[in-house]
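# Secondary and tertiary structure notes
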Amino acid sequence: ASGDATRKLLATKGRESVRGGLYANARVQRLPAVALPVGTYVIMVEGAGDYDLTLRDLGPVPDDWEAEPNNSYYNANHLAIGDSMRGQSSDNDTDYVSFDVPEAQYVGMRFAAPDDATIQVDLSHRHHEAFGAVRLSPGESFDQVFWLEKGEYALSFGRWSGVVFNDRWKLEIYTPPP
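Residues numbered from 1 in each chain as written. Predicted model: local features only at pLDDT ≥ 70, side-chain atom pairs only at ≥ 80, totals over all residues. Heavy atoms only, no water.

Take Asp-95: it is sitting in strand 6 (residues 94-101). One polar contact links Asp-95 to Trp-169, side chain to side chain, over a distance of 3.1 Å. Not counting residues up to four positions away in its chain, the partners in contact with Asp-95 are Glu-66, Glu-68, Asn-70, Gln-88, Ser-89, Leu-155, Ser-156, Phe-157 and Trp-169. (Helix = DSSP H or I, 4+ residues; strand = E, 2+ residues; numbered from the N terminus. Polar contact = N/O pair within 3.5 Å; in protein donor to acceptor, adjacent residues only side chain to side chain. Contact = heavy atoms within 4.5 Å.)

Listed below in structure tokens is the structure:
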């Protein structure tokens, strides 16, 4: 949206917010690019004054890119052990990735935080409280190996502090060498 007024932009699918942010007194305001599943969306623009709204199709989403909405355990993106995923967090966005452990084993996780935000990463049994957590400063990464029992797990990561958008992250779940 463009114009002189403060605007709040929010994209929703049904009752679930998929991306939003507050941008104060900017001449041009943008939501970051987001991968959305096929569907009908509502875009809400709040604020006084005239505005122009432009939507652009940025083309196909890369196979290793997160898909919105993925802001709860119930709609987490699924990742197989041995695969990696990239994504982008924005204001008030927590991303969830689930993965299955077919039998008790060591599982490695590499996560690279964006250069412009502190990120909190939590590991949990799916739908349960986190049992592992790490807070990464801008540009930091972690590579940890966990002994996990058979089951379904989830990682969640959200901004602890930092810039409003363009916070790109990368996650890899792998089987460590013996």
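So, about the packing of aromatic side chains. Within this structure, the stated rule accounts for eight aromatic pairs. Centre to centre, the rings of Phe-99 and Tyr-153 are 5.8 Å apart; their planes meet at 20°, and the pair counts as stacked. Of this pair, Phe-99 sits in strand 6 while Tyr-153 sits in strand 11 (residues 151-162), and the two are 54 residues apart along the sequence. No difference in accessibility class separates Phe-99 from Tyr-153, as the two residues are buried. On the numbers, 4.5 Å between centres and 65° between planes, the contact of Phe-157 with Trp-169 is edge-to-face. (Phe/Tyr/Trp six-rings, centres within 6.5 Å; stacked < 30°, edge-to-face > 60°. Buried < 20%, exposed > 50% of the residue type's maximum accessible area, 1.4 Å probe, protein only.)

Let us look at the confidence of the model for the protein. Across the protein, the average pLDDT comes to 77, with 72% of residues at or above 70. pLDDT under 50 marks residues 1-9. Its contacts with residues more than four places away, or in other chains, come to 50 contacts. Every residue in residues 21-25 scores below 50 in pLDDT, and together they form 21 contacts with partners more than four places removed in sequence or on other chains. (pLDDT = per-residue confidence, 0-100.)

With that settled, consider the pattern of salt bridges. Opposite charge on two side chains makes pairing possible when the charged atoms of those side chains draw close. As enumerated under the stated definition, the model contains three salt bridges in all. The shortest N-O distance in the salt bridge between Asp-64 and Arg-86 comes to 3.0 Å. Residue Asp-64 is located in the loop between strand 3 (42-46) and strand 4 (77-78), and its partner Arg-86 is located in strand 5 (residues 84-89); the two are separated by 22 residues in the primary sequence. Asp-64 sits in the partly exposed class, given a relative accessible area of 24%. Overall, Arg-86 belongs to the partly exposed group, its relative accessible area being 29%. (Salt bridge = Lys/Arg side-chain N within 4 Å of Asp/Glu carboxyl O.)

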